[in-house]
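Structural characterization, general
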Amino acid sequence: MTNQSTRTVWGVGTSRTLRAHWALHELQLEFAIEPIRTRTPDTETERFKSVNPKQKIPVLHDGEVRIAESNAIVTYLAERYEHPEAPLIPTDVAARAKYFEWISFIATELDATSLYVLRRHVELFEIYGKAPAAIKTAREYFIRMVASAEISLPNEGDYLLGHEFSGADIMMVSCLNFSDRFGIRLPVAIADYRERVVARPSYAEALKANTP
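Below is a summary of the structure that appears in this document. (Residues numbered from 1 in each chain as written. Predicted model: local features only at pLDDT ≥ 70, side-chain atom pairs only at ≥ 80, totals over all residues. Heavy atoms only, no water.)

Moving on: the overall build of the protein chain. Summing up its helical and strand segments, the protein chain has 10 helices and four strands in all. Helices and strands in the protein chain line up, N terminus first, as β-α-β-α-β-β-α-α-α-α-α-α-α-α. Whereas a compact globule of 212 residues would reach a radius of gyration of roughly 17 Å, the protein chain reaches 17 Å, a difference of no more than 12%. In terms of its C-alpha atoms, the protein chain occupies a principal-axis envelope of roughly 45 × 45 × 25 Å. The 212 residues of the protein chain split such that 47% are buried. When the accessible surface of the protein chain is summed, it comes to about 10900 Å², and 52% of that surface belongs to carbon and sulfur atoms. Each charge class in the protein chain was averaged separately, 25 positive and 28 negative side chains, and the resulting centres sit 8 Å apart. (Helix = DSSP H or I, 4+ residues; strand = E, 2+ residues; numbered from the N terminus. Rg over C-alpha atoms; globule rule 2.2 N^0.38 Å. Buried < 20%, exposed > 50% of the residue type's maximum accessible area, 1.4 Å probe, protein only. Areas by Shrake-Rupley, 256 points an atom, 1.4 Å probe, with all protein chains shown as cover. Lys, Arg positive; Asp, Glu negative; His and termini not counted. Charge placed at Lys NZ, Arg CZ, Asp CG, Glu CD.)

Shown next, in the form of structure tokens:
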């Protein structure tokens, strides 16, 4: 394990903070945790504003590096701490391109375009209001995009990039987990894929670390 003295994750309790914790466990890196929770007074303190003026979690401190946005954190860790048993990002140019294609698709089409709408208007409707039409459209779009992901799964291997687990799998499963919360039935191949990924020991460790 690498020393944790200069490595800290700010944030717990969300799918996006889970991604940071999961990547760190996959890479067998030690780290400290600042248990900041979203939409709480913790994000409004001057101390946290100095860490991230956007007042969003997660944030990673790694020595002199400070970085927010979960997909950026996962990719940064993958590139800085290459691990032979869990590389998280390919070195081959074509495979790297596929990695970035997947994480872009996940962050925009699944997370931002559909799940963000569902979280706001289903789970947080007291803040953002009820929007039945938006909910219906977001659910349908999520289902359609997941169906397209099923078609795009590789012919061989257990993961999005084939035989090698990567940061793209961290991103994908953190989104697929919302299907249970919103009563969305996943295609069989995608459901089986998720079960393979969550069986990794690092996933259970990350869940524990991410639990407030």
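With that settled, consider the side chain of S179. Relative to the elements of secondary structure, S179 occurs in helix α8 (residues 178-181). In contact with S179, other than residues within four places in its own chain, are I184, L186 and R194. (Contact = heavy atoms within 4.5 Å.)

Each pocket or cavity is described by its volume, and for the largest pocket that value is around 1000 Å³. If you trace the largest pocket, you find 41 residues lining it, with T14, S15, R16, T38 and R119 closest to the centre. Elements supplying a minimum of two residues to the lining of the largest pocket: α1 (15-26), α3 (70-80), α4 (93-123), α7 (167-176), α8 and α10 (201-210). For the lining of the largest pocket, the element with the highest residue contribution is α4, accounting for seven residues. Here the residues of the lining of the largest pocket are counted per class, giving 14 nonpolar, 14 polar and 13 charged. For the second largest pocket, the calculated volume is near 300 Å³. Taken together, 19 residues make up the lining of the second largest pocket; nearest its centre are A95, K98, W102, L160 and L161. Broken down by class, the residue content of the lining of the second largest pocket amounts to 12 nonpolar, four polar and three charged. (1 Å grid on protein atoms, 1.4 Å probe; cavity = no way out; pocket = protein on both sides within 12 Å on 5 of 7 lines; lining within 4 Å. Points joined across faces, edges and corners; volume = space filled by probe spheres on them. Nonpolar A, V, L, I, M, F, W, Y, C, P; charged D, E, K, R; others polar.)

All right, on to the sheet that holds strand β2 (residues 32-34) then. What the four strands build is an open sheet, ordered β2-β1-β3-β4; its pairing is mixed. Each of the sheet's edge strands pairs with one partner strand only, and the pair in question is β2 and β4 (65-68). For this sheet, the mean inter-axis angle between neighbouring strands, taken without regard to orientation, is 15°. Sheet strands touched by α3: β3 (59-62) and β4. Its angle to β4, the strand with the most contacts, is close to 140°. (Pairing = 2+ DSSP bridges. Axes fitted to C-alpha atoms, helices over the stretch in contact; angles between N-to-C directions.)

Along any regular strand the residues' side chains alternate between the sheet's two faces. Side chains V59 and H61 of β3 all project onto a buried face; the interleaved residues L60 and D62 project onto the opposite face, where all are buried too. Bridge analysis of β3 against β4 gives four bridges, and the strand direction is antiparallel. When the bridges of β4 are listed, D62 appears paired with V65. In textbook terms, the turn of a hairpin is the stretch between consecutive antiparallel strands, and for β3 and β4 this stretch comprises two residues, one of which, G63, has a positive phi near 65°.

The next subject is the packing of aromatic side chains. On inspection of all chains with the given rule, the structure shows seven aromatic pairs. Ring geometry for W10 against F48: centres 5.9 Å apart, planes inclined by 40°, an arrangement best described as tilted. Of the two residues, W10 sits in strand β1 (residues 7-10) while F48 sits in helix α2 (residues 46-51), which places them 38 residues apart along the sequence. The exposure classification of W10 matches that of F48, with both residues buried. Ring geometry for W102 versus F105: centroids 6.1 Å apart, planes at 80°, classification edge-to-face. Pair noted here: W102 and F105 are both in helix α4, with a separation of three residues, about one helical turn. Each member of the pair, W102 as well as F105, carries the same accessibility label: buried. Cluster of aromatic residues (ring-pair linked, three or more members): W22, Y159, F165 and Y203. Sitting above the plane of the F165 ring, R200 keeps its charged end 3.9 Å from the centroid. (Phe/Tyr/Trp six-rings, centres within 6.5 Å; stacked < 30°, edge-to-face > 60°. Lys NZ or Arg CZ within 6 Å of the ring centre and 35° of its normal.)

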